[in-house]
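Here is what each chain is made of, one letter per residue.
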Amino acid sequence: MSTQLTHTDDTHAYGQPTAGRRAPRQGGNGPSGYRIAAIVIGTVIAAALIVLAVGLTHITSTSTPAPAASTSVPAANPAQPTSPAQNVNPAQPTTPAVTPSASVKKLQQELGQLNYYEGPVDGLMGPQTVAAIRDLQRQAGLPQTGTMNAATQKALDNYLAHGNNQMGGNS
């Protein structure tokens, strides 16, 4: 029996691949273990990113306020203790409810008499009230902080007593 070396198009006579071509795999034509592992890892990472993106979208798109604290007495169940921490939603920070102030309501009325304030008299220090205070401070030659201080209160009292012809108010 003689062994005869034959030459094919893609290999040299000694079984070495020619330039630019790869020799066929020993184990067959299926994908290698490294390629399978890379595909599996990539798929797991892609799935994790999708879950994360959907979760973040759900958190940022919900605009319902956190449930209010219940004033009813819960049924006694020692297996499920109740605490205020159970109703807290960390994804939605809660802001304390702002209660109207009688002094802010009076300030809004007085600023309205002088035509500085045209918003609702609701007792809340909102942007319209702050803007009205700044207008008063500008008219009185005071620093425009938008907050009431002793100098601003003195100017307001002066304009209420003597009128403010520049703003079209009382004369």
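Residues numbered from 1 in each chain as written. Predicted model: local features only at pLDDT ≥ 70, side-chain atom pairs only at ≥ 80, totals over all residues. Heavy atoms only, no water.

Caption draft 1: Structural view of the overall build of the protein chain. Within the protein chain one finds four helices and zero strands. The helix and strand sequence of the protein chain, counted from the amino end, reads α-α-α-α. Scored against the burial criterion, the 171 residues of the protein chain give a buried share of 14%. Taking the contacts inside the protein chain whose residues are at least 6 apart along the sequence as the reference set, 31% of them involve residues at least 24 apart. (Helix = DSSP H or I, 4+ residues; strand = E, 2+ residues; numbered from the N terminus. Buried < 20%, exposed > 50% of the residue type's maximum accessible area, 1.4 Å probe, protein only. Contact = heavy atoms within 4.5 Å.)

Caption draft 2: Local environment of the confidence of the model for the protein chain. Per-residue pLDDT for the protein chain averages 75, and the proportion of residues at 70 or more is 56%. Per-element averaging of pLDDT across the protein chain places helix H1 (residues 33-61) at the bottom with 81 and helix H3 (residues 127-140) at the top with 94. When the criterion is pLDDT under 50, residues 167-171 qualifies, and its contacts beyond four places in sequence or with other chains add up to 16 contacts. (pLDDT = per-residue confidence, 0-100.)

Caption draft 3: View of H3. The end-to-end C-alpha distance of H3, which contains 14 residues, comes to 20 Å, matching closely the 20 Å that a straight helix rising 1.5 Å per residue would cover. Along H3, the residues classified as buried are Thr129, Ala132, Ile133, Leu136 and Gln137. All buried residues of H3 lie within an arc of 140° about the axis, which places them on one face of the element. Elements that come into contact with the buried residues of H3 comprise helix H2 (102-113) and helix H4 (150-162). Positive backbone phi, at 75°, marks Gly141, one or two positions downstream of H3. (Expected span 1.5 Å × (residues − 1). Arc of directions from axis to C-beta.)

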